[in-house]
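Here are the chains, one letter per residue:
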There are 2 protein chains.
Amino acid sequence: MEETVHLRNLHQPQPLLVVISGPSGAGKDAVVKALKQTNYSFHFVVTTTDREPRPGEVHGVDYYFVSTQEFERMIAADELLEYSTVYNQFKGIHKSQVRDALASGKDVIMRLDVQGAEKVRKMCPDAVLIFLAPESEEAWLLRLHTRNTETDEAFQVRFETAKKELEDAKKFDYVVINAHNQLDDAAQTILSIIEAEHHRTTPRRIQL
Amino acid sequence: MEETVHLRNLHQPQPLLVVISGPSGAGKDAVVKALKQTNYSFHFVVTTTDREPRPGEVHGVDYYFVSTQEFERMIAADELLEYSTVYNQFKGIHKSQVRDALASGKDVIMRLDVQGAEKVRKMCPDAVLIFLAPESEEAWLLRLHTRNTETDEAFQVRFETAKKELEDAKKFDYVVINAHNQLDDAAQTILSIIEAEHHRTTPRRIQL
């Protein structure tokens, strides 16, 4: 029946490329973890970094932790889709990661810093860019401070950069406030955004 | 603190104007009813019509039921924002309804036929237009047929018009399939769309 096919065509659940970004301390990692605990099935692109793992972080799950030497080899071999140096640490997305993700047929989620998100926007204008923002400066400072793994100077650099990055929120598609103790709300809002995006009549074209 | 104010400004929950539309028999009325039963608080704009109430329909809640004579008086007095004649029955939105709705500060939801939705789009390009579509032609025919209040001829007219209206889905922002026995899913998807829209960085400007 022709009409039946037509009706089905109205709603094509094409995979989305979703970038969860925001300044340091906004809670990107926690939100991604919360999303993984829901029954929403997606492919998570794991970032490669040369920084030291924080307590509890698992290689291959939270990040790929490599040496600075290995990261520099990847850059030289053009193996990275995008990379940046933030707070004197390398972070980047390995191309093979993205190829695997796109082949999965599921929605692809990346966690990127603000600079990385802007690079993906240029490469793929139809990516869904979500800016995760802290609720208030007080809560945000507190969250940043609980990372006792860095020096005062490193902290100051991180905080000043993060404050500047808030200005970039308007370049994103959506802003989600990650309020203190309301992590599930932020994750739920992101799921709503993804569900809504799947019902748009003008589908986003993902080409990388 | 300047930054705190700045953070709050990132997310301004401005009221939305949401139009729930779709062909006859897609389940617009049922979905609006389902939305009313959630804890989402919105202002519903009640349509004025000169058709007879169906069993269970309440004046002032489902529709304002008026005589054809009274409807024609409203047209002549320019009291209607938009109106149309569908299947030889008048349907329209009284201006005072929309004024009240916009004054409420809540999201405003209208249920409109496809022609009405297209008129609102022209008047208010930033309205959120949701096209409710039936899942399959079989289920749709069944639903249309259960309305035994009309003649065979009226039914045929309704069905042919509805089939043509499916072509217009692409002009809407979102398409939601209202599958048989999954009314709550359709309502939930609409709530997700509304939540997502509230987190857009480019807010929609509602001016009527």
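Residues numbered from 1 in each chain as written. Chains lettered and ligands numbered in written order. Predicted model: local features only at pLDDT ≥ 70, side-chain atom pairs only at ≥ 80, totals over all residues. Heavy atoms only, no water.

Colleague: Any chance you could explain the overall build of chain A here in plain terms?
Modeller: A count of helices and strands for chain A gives eight helices and nine strands. Burial status across chain A gives 50% buried among its 208 residues. Put simply, of all contacts in chain A between residues at least 6 apart along the chain, 69% involve residues at least 24 apart. About 10000 Å² of surface is accessible on chain A, with carbon and sulfur atoms providing 49% of the total. (Helix = DSSP H or I, 4+ residues; strand = E, 2+ residues; numbered from the N terminus. Buried < 20%, exposed > 50% of the residue type's maximum accessible area, 1.4 Å probe, protein only. Contact = heavy atoms within 4.5 Å. Areas by Shrake-Rupley, 256 points an atom, 1.4 Å probe, with all protein chains shown as cover.)

Colleague: Looking at this structure, how should I read the packing of aromatic side chains?
Modeller: One pair of aromatic rings is described through two measures. These are the centre distance and the angle between the planes. For the structure shown, the criterion picks out twelve aromatic pairs over all chains. Across the ring face of tyrosine 63 of chain A, the terminal group of arginine 51 of chain A is positioned such that the distance to the ring centre comes to 4.6 Å. (Phe/Tyr/Trp six-rings, centres within 6.5 Å; stacked < 30°, edge-to-face > 60°. Lys NZ or Arg CZ within 6 Å of the ring centre and 35° of its normal.)

Colleague: Looking at this structure, I do not really get the sheet that holds strand E6 (residues 89-94) of chain A. What am I missing?
Modeller: Sheet strands pair via backbone hydrogen bonds, and the direction of the pair is either parallel or antiparallel. Residue and element names in this part refer to chain A. In space, the four strands of this open sheet follow the order E4-E3-E6-E5, with mixed pairing throughout. With partners counted over all chains shown, the strands left at the sheet margins are strand E4 (63-65) and strand E5 (80-86), one partner each. Each neighbouring strand pair of the sheet contributes to a mean axis angle of 25°, computed without reference to strand direction. Strand direction decides the pairing type here: strand E3 (residues 47-49) and E6, joined by two bridges, are antiparallel. The residue bridging threonine 48 from the neighbouring strand is glycine 92, located in E6. (Pairing = 2+ DSSP bridges. Axes fitted to C-alpha atoms, helices over the stretch in contact; angles between N-to-C directions.)

Colleague: Teacher, can you tell me more about helix H7 (residues 152-165) of chain A here?
Modeller: For an α-helix the count is 3.6 residues per turn, leaving residues at separations of three or four pointing the same way. Residues and elements named next belong to chain A. An ideal rise of 1.5 Å per residue puts 20 Å on 14 residues; H7 measures up with 20 Å between its terminal C-alpha atoms. Among all positions in H7, only Phe155, Arg158, Phe159, Ala162 and Glu165 are buried. Along the long axis of H7, the arc covered by the buried residues comes to 120°, so they all point the same way. Away from its buried face by more than 90 degrees, H7 exposes Glu153 and Lys164. (Expected span 1.5 Å × (residues − 1). Arc of directions from axis to C-beta.)

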